[in-house]
Amino acid sequence: MMVPKTKFIDEELAYTGAELRPHWILTKTSLSGDAIVSWVGPCDVRPDCLVDIRDRIAADGIRAEKMLHFLVEHFACNIFAITALQRLLVCVTAETLLAHGASGIRRNGDDLFVGQRKLSVSVATCSPVSGLIHLGLNITANNAPVPTATLAELSIAPRPFALAVMDAYAQEVRSILDAATRVSPR
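The notes below deal with the structure included here. None of the values given here were measured: they were computed from a predicted structure.

**A few points about the pattern of salt bridges**
Within this structure, the stated rule accounts for five salt bridges. The salt bridge partner of D10 is R159, with a shortest N-O separation of 3.2 Å. Here R159 lies in helix α4 (residues 158–181) and D10 lies in the loop between β1 (5–8) and α1 (24–29), a separation of 149 residues in the sequence. Accessibility expressed as a relative area gives 38% for R159, which makes it partly exposed. A salt bridge links K28 to E11, with the shortest nitrogen-to-oxygen separation between them at 3.2 Å. One end of the pair, K28, is in helix α1; the other, E11, is in the loop between β1 and α1, with 17 residues separating them in the sequence.

**Some details on the environment of L85**
Tracing the backbone through its elements, the reader meets L85 in helix α3 (residues 79–99). Judged by its relative accessible area of 8%, L85 falls in the buried class. If near-sequence neighbours (up to four positions away) are discounted, L85 is found in contact with M1, H74, C77, I133, Y169 and V173.

**A short note on the packing of aromatic side chains**
Under the defined criterion, the tally for this structure stands at one aromatic pair. Centroid distance W24 to W39: 5.2 Å. Interplanar angle 40 degrees. Geometry classified as tilted. One end of the pair, W24, is in helix α1; the other, W39, is in strand β2 (residues 35–45), and 15 residues separate them in sequence. Taken individually, W24 and W39 each receive the classification buried, so the pair is uniform in this respect.

**Looking at the nonpolar core**
Ranked by internal contacts, the top residues of the largest apolar core, which has 35 residues, are L68, F70, L97, I105, L119, L137 and Y169. Mapped by element, the contributors of at least two residues to this core are β2, β3 (62–75), α3, β5 (111–114), β8 (130–138) and α4. It is α3 that contributes the most residues to this core, eight residues altogether. Sequence-distant contacts of Y169, defined by excluding residues within four places in its chain, comprise P4, I36, V72, H74, L85, L88, L89, V92 and I133. Listed in part, the 17 residues of the second largest apolar core include Y15, I25, A35 and V37.

Thresholds, definitions, all that
- Residues numbered from 1 in each chain as written.
- Predicted model: local features only at pLDDT ≥ 70, side-chain atom pairs only at ≥ 80, totals over all residues.
- Heavy atoms only, no water.
- Salt bridge = Lys/Arg side-chain N within 4 Å of Asp/Glu carboxyl O.
- Helix = DSSP H or I, 4+ residues; strand = E, 2+ residues; numbered from the N terminus.
- Buried < 20%, exposed > 50% of the residue type's maximum accessible area, 1.4 Å probe, protein only.
- Contact = heavy atoms within 4.5 Å.
- Phe/Tyr/Trp six-rings, centres within 6.5 Å; stacked < 30°, edge-to-face > 60°.
- Core = buried A, V, L, I, M, F, W, Y, C linked by side-chain atoms within 4.5 Å.

Encoded structure:
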């Protein structure tokens, strides 16, 4: 694993689930290797495109009018490691929300809430070559299928917030890698 490169994609893009595949970041941004990117756009994942088996069985797609999306790819990563990194990304995001003045943020597993209202969606999966994470944060709540919290109500501007989250995530991974190289067996 390496410290991920970061990039905010200025183009508005829909997240459909098809982006959760190996090398999407490379083909979209030219960033090779471990990376985290973010962008703003709608979310419309049909049930047959869901990687979460429980969601697929329930035949529930995921829809949101406007979200801040994060996509992470780490190479040579198994499902346990990428799921742990997903939780790390969600924790870093919660800490960054608090640092930006948000209050009432609560994490439950890989989801963030404001009170009882859901702020995020997230999933981690593996491809034959990499581990992948998607994290989406609601910017607006129009036509949401569940009670929804938004970045807008928290007065969080998506682009600067995304840059702060990506930097904090990369720094945390750097710190973990550094700590792992400073220990010796007994």
